[in-house]
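Coordinates in review
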Amino acid sequence: MNCFIHKEIPAADAYIIPVQASRNLLMDLPSRPLREAADYVVRHLPQDAGLKEISFLSEEKEILVVGVSLAKEPLRPRDVYLSMAQALRKCKRSGAKDVAILLDNCPPLAAEPVLLGTTARLAELVNYENRGQKSVCPQDTGFHNVALVTAAEGLDTVLEQALCCARGTTAARELCNQRASSQTPETLAEDAARLCRESGCEVEILTAAEAASLNMDAFLAVARGAQNTPPVVIILRWLHGGDTPTVGLIGKGIVYDSGGYSLKSNTSMRNMFDDMGGGAAVIGAMSAIAGSRLPVNAVGVIAACENKISYNAYLPGDIIGSMAGKTIEVTNTDAEGRLTLADALTLAIHREKCDLLVDIATLTGAAKNAVGRFASAVFSNDDEFFQLLKKAADIASEKVWRLDLDPEMRPCLNSPVADLRNGSINPSDGGGAMLAALFLQEFTEGKPWIHIDMAGVNFRLEPPAFSAAGATGYGAALLYCLAKELPDFWGRCTEK
Ligand code: BES
Ligand code: ZN
Ligand code: ZN
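If you're wondering where the values come from, they're calculated on a predicted model, not measured in any experiment. (Residues numbered from 1 in each chain as written. Chains lettered and ligands numbered in written order. Predicted model: local features only at pLDDT ≥ 70, side-chain atom pairs only at ≥ 80, totals over all residues. Heavy atoms only, no water.)

Examining the overall build of the chain
Counting its regular elements, the chain contains 15 helices and 19 strands. For 496 residues, the compact-globule estimate of 2.2 N^0.38 gives 23 Å, and the chain sits close to it at 24 Å. Viewed in the frame of its principal axes, the chain has a C-alpha envelope of about 80 × 60 × 45 Å. A total of 496 residues make up the chain; the buried ones form 59% of that total. A total accessible area of about 19700 Å² is found for the chain, and carbon and sulfur atoms account for 49% of it. (Helix = DSSP H or I, 4+ residues; strand = E, 2+ residues; numbered from the N terminus. Rg over C-alpha atoms; globule rule 2.2 N^0.38 Å. Buried < 20%, exposed > 50% of the residue type's maximum accessible area, 1.4 Å probe, protein only. Areas by Shrake-Rupley, 256 points an atom, 1.4 Å probe, with all protein chains shown as cover.)

A few points about the coordination of the zinc ion (ligand 3)
Only Lys252 (NZ), Asp257 (OD), Asp275 (OD) and Glu336 (OE) from the protein reach the zinc ion (ligand 3) as donors, at distances of 2.0 to 2.4 Å. Donor residues for the zinc ion (ligand 3), ordered by position in the chain, follow K-x4-D-x17-D-x60-E. Taken as a pair, the zinc ion (ligand 3) and the zinc ion (ligand 2) show a spacing of 3.2 Å, with Asp257 coordinating each metal. You'll find Lys252 and Asp257 in the same group, each marked buried. (Donors = N, O, S within 2.8 Å, 3.2 Å for Na, K, Ca; no water.)

Brief notes about the packing of helix H13 (residues 383-396) against helix H15 (residues 476-495)
Where H13 meets H15, the closest approach of the two axes is 8 Å, and the angle between their N-to-C directions is 130°. With respect to H15, the element H13 is oriented oblique. When the axes of H13 and H15 are compared, the crossing they make is right-handed. Between H13 and H15, the residues in contact are Glu384, Phe385, Leu388, Leu389, Lys391, Ala392, Ala393, Ile395 and Ala396 and Ala477, Leu478, Cys481, Leu482, Glu485, Leu486, Phe489 and Arg492, respectively. (Axes fitted to C-alpha atoms, helices over the stretch in contact; angles between N-to-C directions. Parallel < 35°, antiparallel > 145°, perpendicular 65-115°, else oblique. Left-handed = near helix turned anticlockwise from the far one by under 90°. Contact = heavy atoms within 4.5 Å.)

A look at the pattern of salt bridges
Enumeration over the complete set of coordinates arrives at 26 salt bridges. With a closest N to O distance of 3.5 Å, Arg43 and Asp39 form a salt bridge. In this pair, Arg43 and Asp39 are both assigned in helix H1 (residues 32-43), four residues apart and thus about one turn of the helix distant. With a closest N to O distance of 3.0 Å, Asp191 and Arg194 form a salt bridge. With Asp191 and Arg194 both in helix H6 (residues 185-199), this residue pair falls three residues apart, about one helical turn. (Salt bridge = Lys/Arg side-chain N within 4 Å of Asp/Glu carboxyl O.)

Looking at the site of ligand 1
Contacts to ligand 1 come from 14 residues, most closely from Asp257, Lys264, Asp334, Glu336 and Gly365. Within the side chain of Lys264, an N or O atom sits 2.8 Å from an oxygen atom of ligand 1. A distance of 2.9 Å separates an oxygen atom of ligand 1 from a polar side-chain atom of Glu336. Protein chains shield 73% of the accessible area of ligand 1, which is 520 Å² for the free molecule. Judged by the proximity of its atoms to the pocket grid, ligand 1 belongs to the largest pocket. Residues of the shell around ligand 1, tallied by class, amount to three nonpolar, four polar and seven charged. (Near = heavy atom within 4 Å. Polar contact = N/O pair within 3.5 Å; in protein donor to acceptor, adjacent residues only side chain to side chain. 1 Å grid on protein atoms, 1.4 Å probe; cavity = no way out; pocket = protein on both sides within 12 Å on 5 of 7 lines; lining within 4 Å. Sits in = over half its atoms within 2 Å of the grid points. Nonpolar A, V, L, I, M, F, W, Y, C, P; charged D, E, K, R; others polar.)

Here's the deal with the coordination of the zinc ion (ligand 2)
Looking at the zinc ion (ligand 2), the protein donor atoms are Asp257 (OD), Asp334 (O), Asp334 (OD) and Glu336 (OE), and they sit 2.0 to 2.2 Å from it. If you look at the zinc ion (ligand 2), its six donor atoms make angles of 70 to 168° with each other, and the shape they trace is irregular. Binding-site remark: the zinc ion (ligand 2) is held by donors from one chain whose sequence spacing is D-x76-D-x1-E. (Tetrahedral: all angles 85-135°; square planar, octahedral: opposite > 155°, others 65-115°.)

Structural notes on the nonpolar core
Ile234, Ile283, Met286, Ile289, Val358, Leu389 and Ile452 are the most contacted members of the largest nonpolar core, which totals 65 residues. Examining the composition of this core, we find that eleven residues originate from one element, H15, more than from any other. Setting aside residues up to four positions removed in sequence, Val358 forms contacts with Val247, Gly248, Leu249, Ile250, Phe385, Ile450, Ile452, Leu479 and Leu482. Residues Ala218, Leu357, Met434 and Phe439 belong to the second largest nonpolar core, which totals 53 residues. (Core = buried A, V, L, I, M, F, W, Y, C linked by side-chain atoms within 4.5 Å.)

Details of the packing of aromatic side chains
The final tally for this structure, using the stated rule, is four aromatic pairs. Geometrically, the ring pair formed by Phe439 and Phe443 is tilted, given 5.3 Å between the ring centres and 40° between the ring planes. What makes Phe439 buried here is its relative accessible area of 0%. A relative accessible area of 1% places Phe443 in the buried class. Pairing Phe489 with Trp490 gives two aromatic rings, centres 5.3 Å apart and planes at 50°, and the pair type is tilted. Each member of the pair, Phe489 as well as Trp490, carries the same accessibility label: buried. (Phe/Tyr/Trp six-rings, centres within 6.5 Å; stacked < 30°, edge-to-face > 60°.)

Regarding the environment of Ile320
By secondary structure assignment, the location of Ile320 is in strand E11 (residues 319-320). Considering only alpha carbons, one finds Ile320 and Ala218, 102 residues apart in sequence, at a separation of 6.1 Å. When near neighbours in sequence (up to four residues on either side) are disregarded, Ile320 contacts Ala218, Ala221, Lys326, Thr327, Ile328, Val330 and Leu339.

As for the layout of surface pockets
Looking at the largest pocket, its volume works out to about 1000 Å³. Considering the residues around the largest pocket, the lining is formed by 36 residues, among which Lys264, Leu363, Thr364, Gly365 and Ala366 are closest to the centre. Counting residues per element, the ones that place at least two in the lining of the largest pocket are strand E9 (246-257), helix H9 (266-269), helix H12 (365-371), helix H14 (432-441) and strand E18 (459-460). Counting residues per element, the lining of the largest pocket draws most heavily on H12, at three residues. Of the residues in the lining of the largest pocket, the class split is nine nonpolar, 15 polar and twelve charged. Approximately 380 Å³ is the volume attributed to the second largest pocket. Along its surface, the second largest pocket is lined by 19 residues, and Val114, Gln161, Ile395, Lys484 and Glu485 are the ones closest to its centre. Of all the secondary-structure elements, those providing two or more residues to the lining of the second largest pocket are helix H4 (113-127), helix H5 (156-177) and H15. (Points joined across faces, edges and corners; volume = space filled by probe spheres on them.)

A look at the sheet that holds strand E5 (residues 98-102)
Taken in spatial order, the six strands make up an open sheet running E1-E6-E5-E2-E4-E3, and their pairing is mixed. Both outer strands of the open sheet, strand E1 (2-6) and strand E3 (50-57), are each paired with one neighbouring strand and no more. Direction aside, neighbouring strands of the sheet carry axes that sit 20° apart on average. Summarising the sheet, E3 and strand E4 (residues 62-69) pair through eight bridges and their orientation is antiparallel. (Pairing = 2+ DSSP bridges.)

Focus: the pairing of strand E8 (residues 232-239)
Burial analysis of E8 places seven of its eight residues in the buried class, the great majority of the element. Two strands pair when backbone bridges link them, and E8 and strand E10 (residues 297-307) are joined in this way by eight bridges, in the antiparallel orientation. Paired with Leu236 across the strands is Gly300, a residue of E10.

Here it is in structure tokens:
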């Protein structure tokens, strides 16, 4: 699929005409029947955000015209994201190969880089198919060309970066949609290395023995149940920000979560091949950060393993160590993500010298219950850092919903026999998403830190318009946009 800026309106199978408020057709379409069809569509658009479509027959073929009403002012990226995704999906489902989006019909779409980027990203995001392994699979279901039609100049970098970011999301989806019997920690590492080396990252993969020599005992305890699929630590470095601080992006990398001896039910286990969604987001983001040569220092860390059962697996009641030196009583082997993340955080701080930390994980079912399936649940110990993430979330159109870290709940993690426990033993405590965050906070050593629990947004069997069924790729764009904001953030920090 090619996505490019075009000055004139090209011949296409489908035209998307975004309209804001005034409801006039501004761009001069190349043929009279097309003009009339478009005029009709535009005049009959709903008052609030919505779509109107019409097919008409030109001399040789049927042409689809989709009007998009973007009623609100000022236009917010998420509004553009949702309605443009719907329009593109309609075009794709009707079999359109060449689509022209008439940006100048809604001037902010070309004038505001964030909105241009949003539209460009959607061409890639909507085009994505989760092909799985069907033996009969329709080919050529996607776009060939998506032309962003505008007379505006100087948009090349914005377009390039947007496509780079969208390819990061696609990579995250692809990684996350792989089934656990064909994806092991090692194949995840190989895929990450290939993707990230191609775009310029330095990649280091630590073996189980190396992790052991670093005392990553919490991570290795989780990994112990999987006999034939050894754990690895994936480290992705992009250090091109001069003497600015280094941000650590830490992704949960459980390639399968059976729950371990605290076994999940069949229905809760079915999709647990997606439990490396946070890791996938980090890999996608790092490849995009490097691909667009962002002037930042970023290190991705993914402690990848499986949470399985065997004679060797860790057990409820075990007391395990950790790289930070804290001992942990395992109350539930299904609360494994926080154990692997704890050591990954410590590695990011001590070995990779990260100054700020963002972890992202499919960590708790409770996060989904708390904030639903449209936003991740976010916790942070630093208001300014969170504001930066919020800005990135608005730009990326990947929503975040901040929840409090309430120290009154911290005693639920006290253990009589270890420094802390990995979950409360009293189900009536509730607050599962926050308890997981409070656990992780113990391993942040006071650094500015954001925890993104993406359990609710990672996977959708009934997909939104911007995704195919399966992994949404949530997080890759969010982290990429966060990294993109960092140079300004450092600039503002030094001014103060
Ligand atoms: N991977 C799961 C969380 C999850 C649940 C992700 C649903 C996606 C959809 C995680 O490892 C887990 O099992 N968490 C437990 C924690 C509990 C045992 C304290 C949970 O949420 O039930
Ligand atoms: Zn689990
Ligand atoms: Zn898990």
